[in-house]
Amino acid sequence: MKQLPTPLAGVVVVETQAFQDSRGGFARWFCEDELAQAVGARRIVQINHSLTHSVGAVRGLHYQRPPHAETKLVRCLRGRVWDVVLDLRTDSPTFLQWHAEELSADNARMLVIPEGCAHGFQVLEAASELLYLHTAAYCPEAEAGVSPTDPAVQIAWPLPIGDLSARDSQHPALPPDFRGIAL
Ligand SMILES: Cc1cn([C@H]2C[C@H](O)[C@@H](COP(=O)(O)OP(=O)(O)O[C@H]3O[C@@H](C)C(=O)[C@@H](O)[C@H]3O)O2)c(=O)[nH]c1=O
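Residues numbered from 1 in each chain as written. Predicted model: local features only at pLDDT ≥ 70, side-chain atom pairs only at ≥ 80, totals over all residues. Heavy atoms only, no water.

1. Points about the pattern of salt bridges
Counted under the stated rule, the structure contains eleven salt bridges. With its nearest N and O atoms 3.1 Å apart, the salt bridge here joins Glu32 to Arg43. Linking Glu32 in the loop between β4 (24–26) and α1 (36–39) with Arg43 in the loop between α1 and β5 (46–52), this pair joins segments that are eleven residues apart in sequence. Taking relative accessible area as the criterion, Arg43 reaches 55% and is therefore assigned exposed. Put simply, Arg42 and Glu115 hold a salt bridge, and the shortest N to O gap is 2.6 Å. In this pair, Arg42 sits in the loop between α1 and β5 while Glu115 sits in the loop between β10 (110–113) and β11 (117–123), placing the two residues 73 residues apart along the sequence. Of the residues examined, Arg42 reaches a relative accessible area of 33% and is grouped as partly exposed. Residues participating in the shared-partner salt-bridge network are Glu15, Glu101 and Arg109. (Salt bridge = Lys/Arg side-chain N within 4 Å of Asp/Glu carboxyl O. Helix = DSSP H or I, 4+ residues; strand = E, 2+ residues; numbered from the N terminus. Buried < 20%, exposed > 50% of the residue type's maximum accessible area, 1.4 Å probe, protein only.)

2. Concerning the UniProt feature "active site" (unreviewed entry) in the chain
Under the present numbering, the feature "active site" (unreviewed entry) in UniProt falls on His62 and Tyr132. In sequence the annotated residues extend across 71 residues, while in space they remain close, none of their C-alpha pairs exceeding 12.9 Å. Tracing the sequence through the fold places His62 in strand β6 (residues 58–64). Ignoring any residue separated from it by four or fewer positions in sequence, one finds His62 in contact with Lys72, Cys117, Ala118, His119, Ala144, Gly145, Arg167, Asp168 and His171. Locating Tyr132 in the fold gives a position in strand β12 (residues 128–134). (UniProt positions renumbered as here; feature names shortened; annotations may be inferred. Contact = heavy atoms within 4.5 Å.)

3. What about the sheet that holds strand β2 (residues 12–15)?
The strand order β1-β2-β10-β7-β12-β5 describes an open sheet built from six strands, whose pairing is antiparallel. For this open sheet the edge positions go to β1 (2–5) and β5, each flanked by a neighbour on one side alone. Neighbour-to-neighbour, the strand axes of this sheet turn through a mean angle of 25 degrees, independent of strand direction. Note: β1 against β2, four bridges, orientation antiparallel. Within the sheet, the bridge partner assigned to Leu4 lies in β2 and is Val13. (Pairing = 2+ DSSP bridges. Axes fitted to C-alpha atoms, helices over the stretch in contact; angles between N-to-C directions.)

4. Regarding a nonpolar patch on the surface
A surface patch of nonpolar side chains, about 250 Å² in accessible area, is lined by Trp29, Phe30 and Leu77. Counting through the fold element by element, Leu77 comes out in strand β7 (residues 72–78). (Patch = residues over 30% accessible without salt bridge, like charges linked within 9 Å, V, L, I, M, F, W, Y side chains within 5 Å. Areas by Shrake-Rupley, 256 points an atom, 1.4 Å probe, with all protein chains shown as cover.)

5. Comments concerning the side chain of Glu70
For Glu70, the location among the structural elements is in the loop between β6 and β7. For the buried Glu70, which has no salt bridge, the nearest side chain bearing the opposite charge is Lys72, at an N-O separation of 4.2 Å. Polar contacts involving the side chain of Glu70 include one to the side chain of His134, which spans 2.7 Å. Apart from the residues within four sequence positions on either side, Glu70 is in contact with Gln64, Ile113, Pro114, Glu115, His134, Thr135 and Ala136. (Lys, Arg positive; Asp, Glu negative; His and termini not counted. Polar contact = N/O pair within 3.5 Å; in protein donor to acceptor, adjacent residues only side chain to side chain.)

6. Let's talk about the site of the ligand
Surveying the vicinity of the ligand reveals the residues Gln46, Asn48, Arg59, His62, Lys72, His119, Gly120, Tyr132, His134, Tyr138, Glu143 and Arg167. Side-chain polar atom of Asn48 to an oxygen atom of the ligand: 3.2 Å apart, as the coordinates give it. In this structure, His119 approaches the ligand through a side-chain N or O atom, which is 2.6 Å from an oxygen atom. Relative to its free-state accessible area of 660 Å², the ligand is covered by the protein chains to the extent of 63%. Those elements that place two or more of their residues in the shell around the ligand are β5, β6, β11 and β12. Of the residues contributing to the shell around the ligand, the split by class is two nonpolar, six polar and four charged. (Near = heavy atom within 4 Å. Nonpolar A, V, L, I, M, F, W, Y, C, P; charged D, E, K, R; others polar.)

Okay, structure coming up:
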């Protein structure tokens, strides 16, 4: 597993080399030892999957507040998405900056999203599927979101925003005095 840094601290792209033979392929998708720096002593406690039908659809931006903050490892199983991480960590040198990576079934890249960062994506290919590994259980009371069109963040979505859930269209803009998430 090759880990590539991104401009955001702790946000890492993981590349996996699949073994190929006449039968097909084989790849390691998670390795506690190899990902020790990114994931630390946290344990994967939940695995989620999503299917999004239409090109342009956006999900996010989502995170869980402490004490339910979580690290997420995200990969695309089918199709292609533009995956975004927004740094909301109070003490981060890249506070309020975002970074995007294309994740696809073909590039088999996985993005490590640390606690205190919000996550979202836009679908570039119809019927895209994502797989999430989570280090904290889902806690609806701790769920929080940032508007994908928040003017203070200015995410440069590659396509006009299409399908968006009612919840995601109602996330409030970050207040001007937003101090971030203290972990
Ligand atoms: C996230 C989540 C949702 N749900 C429920 C709540 C709701 O009824 C239904 C759909 O939830 P949502 O609309 O929040 O699904 P979705 O918008 O796809 O939420 C996901 O968005 C991306 C960007 C992420 O980063 C994920 O962690 C997750 O927050 O599933 C669970 O039961 N467990 C979970 O872990």
